[in-house]
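# Coordinate analysis (summary)
These are the residues of each chain, in order.
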Amino acid sequence: MFKGLRNKWKVNAIQLTLILLTFAIGGSLTGYAGRKLMNIFGIEQKWIWIIVYLLVIVILWPIAVLIVSILTGQFPFFLQYIRKIGRRMRLIRSTEPEVDSRESIVNSDKKLTSESWDSGPTTNDYRLTTNIAIFASGAGSNAQKIIEYFRNSNKIKVALIACNNPVAGVLAIAARENIPVLIIEKERLFRGDGYVEELKEKKIDFIVLAGFLWKLPSRLIKAYPGRIINIHPALLPNYGGKGMYGNNVHHAVLAAGEKESGITIHYVDEYYDSGDIIFQAKCVVLPADTAETLAQRIHALEHEHYPRVIGEVVTKLKSVDSFIG
Ligand code: GAR
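For clarity, every value in this text was computed on a predicted model and none was experimentally measured.

With that out of the way, let us pick up the overall build of the protein. Across its full length, the protein holds 13 helices and seven strands. In the protein, which comprises 325 residues, the proportion classed as buried is 47%. Here the analysis covers contacts within the protein between residues at least 6 apart in sequence; of these, 69% occur between residues at least 24 apart. Here the protein has roughly 16,900 Å² of accessible surface; of this, 59% comes from carbon and sulfur atoms.

Next comes the structure, spelled out in structure tokens:
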């Protein structure tokens, strides 16, 4: 139970102890104050007592826990906690932007910059920062764009680059950007613990695949339900599946004489390129195209859309999978 709470609130064991202590002391103080009020006003009827007590809980309890939280050093946590309750009870207006439904994200032309959803109070990183791990195997141009997009964000942080290829270009990007690296080994990924514990220890909340060429084990997918997304350089469900990556995809598209191709951003499940589609964008395929020229056009689309869509999906997740509930 405590582990579940720690994961939900993203706090360590000491912070959790202090938070529970704050709840306990704040609750006792509220009860004490309620009884005192009853005595002062000489209220004896049970039904009035219940009304007063409810008022005490709504008004005094938040004040009591906030004061106690200053003493226990947990003020930022409780401020957010009480705001969240206030928003749920519609006593406080939401500072989070309204987020599109999944359907409206698909093929949406809406432009959302990191700044637009970054506005609002950001006083601590108990909950406001979503840590992203980018899994990549290659050059890492998408990783670079994602890092740039969220560089000044205080809501989303690229906290880890996970890579299965020790000579991949993305590792140079990680070094330059000062982002920790996790080298993924096949044996451990597929037959070991799937890196789940390590990712949880590093407080990774969300996984973004950007040219990661291995299928993820079900253990990892189950540990991050609805929290792993991938980008594919074609219009799925066409040109997906095993072996369909990078230029292989573009060769297949050209060989089939397609007039258009594009990108697909989708949730990751246990099969290749088969999870629910979040977003697609199209581009033309020109008669003179080679796999390389088509790849350039596809990369441009990926760079334009992937960081923004990541921001939208994470924001939507946060509004659904609330901090306290
Ligand atoms: C991207 O085009 C991405 O769509 C593709 O690998 C490329 C990585 O480029 N992914 C797949 O093919 C997955 N099936 P990058 O390393 O420059 O970001």
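From this point on, the discussion continues.
Our focus in this paragraph is the site of the ligand. Not every one of the 14 residues close to the ligand is listed here, only the nearest: Gly140, Ser141, Asn142, Gly246 and Glu302. Contact between the ligand and Ser141: an oxygen atom at 2.6 Å from a side-chain N or O atom of the residue. Between His299 and the ligand, the recorded distance is 3.1 Å, taken from a side-chain N or O atom to an oxygen atom. Surface burial for the ligand is 90%, taken as the share of its 450 Å² of free accessible area covered by protein chains. A class-by-class count of the residues in the shell around the ligand yields five nonpolar, eight polar and one charged.

The next point concerns the pattern of salt bridges. Considering all chains together, one arrives at eight salt bridges under this definition. In this structure, Arg151 and Glu177 form a salt bridge, with 2.4 Å as the shortest nitrogen-oxygen distance. A residue pair is termed long-range when its members are at least 10 positions apart, and Arg151 in the loop between helix H7 (141–150) and strand S2 (156–163) and Glu177 in helix H8 (residues 169–177) qualify at 26 residues. Measuring nitrogen to oxygen at the nearest pair gives 3.6 Å for the salt bridge that ties Glu260 to Lys282. Highlighted residues: Glu260 in strand S6 (residues 260–267) and Lys282 in strand S7 (residues 277–284), separated in sequence by 22 residues. A relative accessible area of 39% places Glu260 in the partly exposed class. Residue Lys282 is classed as exposed on the basis of its relative accessible area, which comes to 55%. Residues joined by salt bridges that share partners form a network here, namely Arg188, Asp193, Glu198 and Lys202.

Take H7 next. Residues separated by three or four positions in an α-helix point in the same direction, a consequence of the helix having 3.6 residues per turn. Counting buried positions over the ten residues of H7 gives seven, a clear majority of the element. Within the sequence span of H7, burial applies to Asn142, Ala143, Gln144, Ile146, Ile147, Tyr149 and Phe150.

The biggest cluster of nonpolar side chains holds 44 residues, and the ones touching the most others in it are Ile134, Ile229, Tyr306 and Ile310. The biggest single contributor to this core is helix H13 (residues 291–320), with eight residues. Other than its neighbours up to four places away in sequence, Ile134 contacts Ala143, Ile146, Ile147, Val158, Leu160, Ile161, Ala162, Val208 and Ala210. Counting residues in each nonpolar core, the second largest holds 22 residues, with Ala162, Ile207, Leu209 and Val268 among its members.

On to the pairing of strand S4 (residues 206–209), then. The two faces of S4 match: Phe206 and Val208 on one face and Ile207 and Leu209 on the other face are all buried. Here S4 runs beside strand S5 (residues 228–232); their pairing, made up of three bridges, is parallel. Residue pairing in the sheet places Leu209 in a bridge with Asn230 of S5. Handedness of the S4-helix H11 (residues 218–223)-S5 crossover: right-handed.

Let us look at the side chain of Ser261. With respect to the element layout, Ser261 can be found in strand S6. When its relative accessible area of 2% is taken as the criterion, Ser261 is described as buried. Discounting chain neighbours no more than four positions away, the residues touching Ser261 are Pro233, Ala234, Leu235, Val253, Ala281, Lys282, Cys283, Val285, Leu294 and Ile298.

To characterise two packed helices, one gives the angle between the axes of the helices and the distance between these axes. Packing of H7 against H8 leaves a shortest axis separation of 9 Å and a crossing angle of 20°. Compared by their axis directions, H7 and H8 come out roughly parallel. The chirality of how H7 crosses H8 is right-handed. Here Ala143, Gln144 and Ile147 of H7 come into contact with H8, specifically with Val170, Ile173, Arg176 and Glu177. Partitioning the contact of H7 with H8 into residue classes produces four nonpolar, one polar and two charged.

The sheet built from seven strands is open, its strands ordered S3-S2-S1-S4-S5-S6-S7 with mixed pairing. Unpaired on one side and paired on the other, strand S3 (181–183) and S7 mark the two borders of the sheet. The mean inter-strand angle of the sheet, taken between neighbouring strand axes irrespective of direction, is 20°. Relative to S3, S2 runs parallel, the two being bridged by three bridges. Looking at the pairing, Cys163 lines up with Ile183 of S3. Seen against the sheet, H7 touches strand S1 (130–136), S2 and S4 and runs at an angle of roughly 160° to S2.

Parameters and conventions
Numbering of residues begins from 1 in every chain and follows the order in which that chain's sequence is written. Thresholds applied to this predicted model are a pLDDT of at least 70 for local features of residues and 80 or more for the giving and counting of side-chain atom pairs; totals over whole chains, interfaces and linings are not thresholded and use all residues. By convention in this description, side-chain values take in all heavy atoms of the structure and omit both hydrogens and water. To qualify as a helix, a DSSP run of H or I must reach at least 4 residues; to qualify as a strand, a run of E must reach at least 2; elements of each kind are numbered from the N terminus. Only protein chains enter the area calculation, which uses a 1.4 Å probe; residues under 20% of their type maximum are buried, those over 50% are exposed, and those in between are partly exposed. In this analysis, two residues are considered to be in contact whenever any of their non-hydrogen atoms come within 4.5 Å of each other. Accessible surface is estimated by sampling points in the Shrake-Rupley manner with a 1.4 Å probe; for residues, cover comes only from the protein chains shown. Any residue with a non-hydrogen atom lying within 4 Å of a molecule or strand is treated as near it. Within 3.5 Å is the distance limit for a polar contact, defined as a pair of N or O atoms, with the added protein rule that one can donate a hydrogen and the other accept it, and that residues adjacent in sequence qualify only through two side-chain atoms. Each residue gets one label: Ala, Val, Leu, Ile, Met, Phe, Trp, Tyr, Cys and Pro are nonpolar, Asp, Glu, Lys and Arg are charged, and the others, such as Gly, are polar. Salt bridges are defined by distance alone: a side-chain nitrogen of Lys or Arg within 4 Å of a carboxyl oxygen of Asp or Glu. To form a nonpolar core, buried Ala, Val, Leu, Ile, Met, Phe, Trp, Tyr and Cys residues must be joined to one another through side-chain atoms within 4.5 Å. Pairing between two strands is assigned when DSSP locates at least 2 bridges connecting them. For the handedness criterion, the strands are oriented away from the viewer, and a crossover whose path from the first strand over the helix to the second runs clockwise is classed as right-handed. To obtain each axis, a line is fitted to C-alpha atoms, and for helices this fit is confined to the stretch in contact; angles are then taken between N-to-C directions over 0 to 180 degrees. We call two directions roughly parallel when the angle between them is under 35 degrees, roughly antiparallel when it is over 145, roughly perpendicular when it lies between 65 and 115, and oblique otherwise. The handedness criterion is simple: a crossing whose near helix is rotated anticlockwise from the far helix by less than a right angle is left-handed, and one whose near helix is rotated clockwise is right-handed.

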